[in-house]
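Notes for the structure review
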Amino acid sequence: MHAPNPVADPTTDSKVVWAEIFQDRRRTLAFRVILVFVITFGFGPFADARLLYPWIAIYVALQVLERGLGPRLGHRGVGAALLFANHLIYCAPSLLVIHEFGPWGVGLGAAHICGAMTMAAISARRSPLAYAMMVLPCIGYLAALAVMAFHYGGGTGAAVILGLAVPMALGGTTAAWKASARALEAEAVARAQAEAADAAKSAFMAMVGHELRTPISAMLAGVAEAQKGRDPTEVAANLRLIDDAGRMMRTLLNDLLDYSKLEAGMLELVAEPHDLGALIEQTEAFWGAEARAKGLEFRIEHAGDLPGWVAADGVRLRQILNNLLSNALKFTTDGGVTLRTEATRIELTGGEVGWRVSLSVIDTGPGLTAQQAEGLFTPFRQADAGVARTHGGTGLGLAISRTLAQLMDGDLTLKTAPGEGCVFTFEALFAPAEPPPAAAQDEPQRAAGLRILLADDHEVNRRAFALMLGPIAEKLICVEDGEAAVAETGPFDLVLLDLNMPRMGGLEAAQHIAARPGAPPILALTASIDPADIAACRAAGMTGFVAKPVEPEELYAAIEAAMAA
């Protein structure tokens, strides 16, 4: 997605601006003509009608001329002359009033001129020149009023007061014009931003649609082929295709959910003991195989010893590393990818010793220009439009990774140049941690022979969970909402409840079930893992939760934890 074009200044004297000014004036033509007739009736008692009628005729003729000139009014010179003439004629009755009625007509004439200046501040806010052409006749008339007030017996005081009124009126009206122009500019910027946001949203929705259609097509094709009942090797290949497509969709969904939570400030890191050395070894084992499959070299370089156990969010740490390595392998066709590690001991608050860890992913890919690199950490943007078409992805991964790094008191930076590859460097601050007890590291034995109640309003979800729960369930009851779940009396060893169901949701159903004597453990099935939602689940009597979309091993682990609680 490309950055929006800069917003043009709406208060310049371009041809378009002058055309817009006179387009606005055409919309108010009827009002202005009616106004001069109203002024005629108002000034009639104070001015000679023989002078007012020609004034009306001249003013109306100017409006007809303005209407007839049409497109030529986009020319600055023609437009400026016409605006000057309009206000020169429009303000003329202010002098006629004082000429006929003496000093008492000064107030009425001044009010008429100030009204014209206010009109100028509003209608000419797009152009300084247009404003000047409309205001200059008004200022001349105000100065003339001061002279005429003295001449017609108002005295020096009236002349001085009117003389002072000239700069005051000009200053006040100009301030109003500037405020109106700023408001117009802000409106133009807001409109441009809204249009850019709409364009970005449309492009993003199109990209998401494409990204979803790809794995869905693969799933449908894999199922169709698997149903033909060919030899086991082909069936296994089709099942792998379906599995890969499902994981692709899960990655897309996770990116969208993570970005949504990060944007709302609702994503929290969970610091638990993790062995950094073991994490790097696991990373090498997985991505080394991926690199070799592409004919690339994958190396680990240690610039020093890594710390042992640290307090870190292992899920998010792996997410950042996997994102960087996936991108590096995706865009590298020759050479290889290197993961360089470095750690520095630092003193934390309270006198403890912590670690500033730096992990750099270095590739031998094509590199990026400064323009491509500039927006790489911007959500929904990729180096160029062809990236999404060729390699897929949401354009959210790097934006999410940088924000996660910042939540770890670090950052994610990039060094690159065309033809020199990319170096992404992730830094984070970790406190030391004690390794968990050995028993906690042992893999628990999978429970079996369980009596399970499942409530989910989607039939596909119920069928999917039934497939996963089949190996461990002696008895499995599947219902479609919370009311049906509460109506089941059991006995059950475990209850799984979707949170969002019609008639009665999972939270309310959990409250009813948990209130029974000897209630079984209750697991929430939810697409949200926000802390507030988790707290609501626990308050309702639930033992734990399983985040959708669900991997079988994750479901089994959650069940083991619930049964052991």
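We now turn to the structure provided with this report. (Residues numbered from 1 in each chain as written. Predicted model: local features only at pLDDT ≥ 70, side-chain atom pairs only at ≥ 80, totals over all residues. Heavy atoms only, no water.)

What follows deals with the packing of aromatic side chains. Inspection of the entire model under this criterion finds six aromatic pairs. Ring centres of W18 and F22 lie 6.4 Å apart, and the angle between their planes is 25°; this geometry places the pair in the stacked category. Taken together, the residues W18 and F22, both in helix α1 (residues 15–27) and four residues apart, mark about one turn of the helix. Given a relative accessible area of 0%, W18 falls into the buried group. (Phe/Tyr/Trp six-rings, centres within 6.5 Å; stacked < 30°, edge-to-face > 60°. Helix = DSSP H or I, 4+ residues; strand = E, 2+ residues; numbered from the N terminus. Buried < 20%, exposed > 50% of the residue type's maximum accessible area, 1.4 Å probe, protein only.)

Okay, the sheet that holds strand β12 (residues 544–547) next. Strand pairing in a sheet is mediated by backbone hydrogen bonds. Such pairs are either parallel or antiparallel. As summarised here, the arrangement of the five strands in space is β9-β8-β10-β11-β12, forming an open sheet in which the pairing is parallel. Across the chains shown, the open sheet's two edge strands, defined by having one partner strand only, are β9 (473–479) and β12. This sheet shows a mean twist of 20° between the axes of neighbouring strands, independent of strand direction. With four bridges joining them, strand β11 (residues 522–526) and β12 adopt parallel strand pairing. By the bridge assignment, L525 is partnered in β12 with V546. The sheet contacts of helix α15 (residues 459–469) involve β8 (450–455), β9, β10 (494–498) and β11, and relative to β9 the element is tilted by about 170°. Packing against the sheet, helix α17 (residues 506–514) makes contact with β10 and β11, and its axis sits at approximately 155° to β10. (Pairing = 2+ DSSP bridges. Axes fitted to C-alpha atoms, helices over the stretch in contact; angles between N-to-C directions. Contact = heavy atoms within 4.5 Å.)

Between α15 and helix α19 (residues 552–564), the shortest axis-to-axis distance is 10 Å and the interhelical angle comes to 70°. The angle between the axes of α15 and α19 places the two elements in the roughly perpendicular class. Relative to α19, the crossing made by α15 is right-handed. Within the contact between the two elements, α15 uses F465, M468 and L469 and α19 uses P552, L555, Y556 and I559. Looking at side-chain class alone, the contact of α15 with α19 contains seven nonpolar, no polar and no charged residues. (Parallel < 35°, antiparallel > 145°, perpendicular 65-115°, else oblique. Left-handed = near helix turned anticlockwise from the far one by under 90°. Nonpolar A, V, L, I, M, F, W, Y, C, P; charged D, E, K, R; others polar.)

In this section: the packing of helix α10 (residues 314–331) against helix α13 (residues 397–407). α13 packs onto α10 with a crossing angle of 140° between their chain directions and a minimal axis gap of 10 Å. Our classification of the angle between α10 and α13 gives oblique. The handedness of the crossing between α10 and α13 comes out as left-handed. Contacts between α10 and α13 involve R316, Q319, I320, N323, L324 and N327 on the former and, on the latter, G397, L398, I400, S401, L404 and A405. A class-by-class count of the residues in the contact of α10 with α13 yields six nonpolar, five polar and one charged.

Before going further, it helps to spend a moment on the pattern of salt bridges. Tallying each qualifying case throughout the model produces 11 salt bridges. Note that D411 and R402 form a salt bridge whose closest N and O atoms lie 3.6 Å from each other. Owing to a relative accessible area of 25%, R402 belongs among the partly exposed residues under this scheme. Notably, a salt bridge pairs E483 with R503, separated by 3.3 Å at the nearest N-O pair. With E483 in helix α16 (residues 482–487) and R503 in the loop between β10 and α17, the pair connects residues that are 20 residues apart, well separated along the chain. Residues joined in a network through salt bridges with shared partners are E297, R299, E301 and R340. (Salt bridge = Lys/Arg side-chain N within 4 Å of Asp/Glu carboxyl O.)

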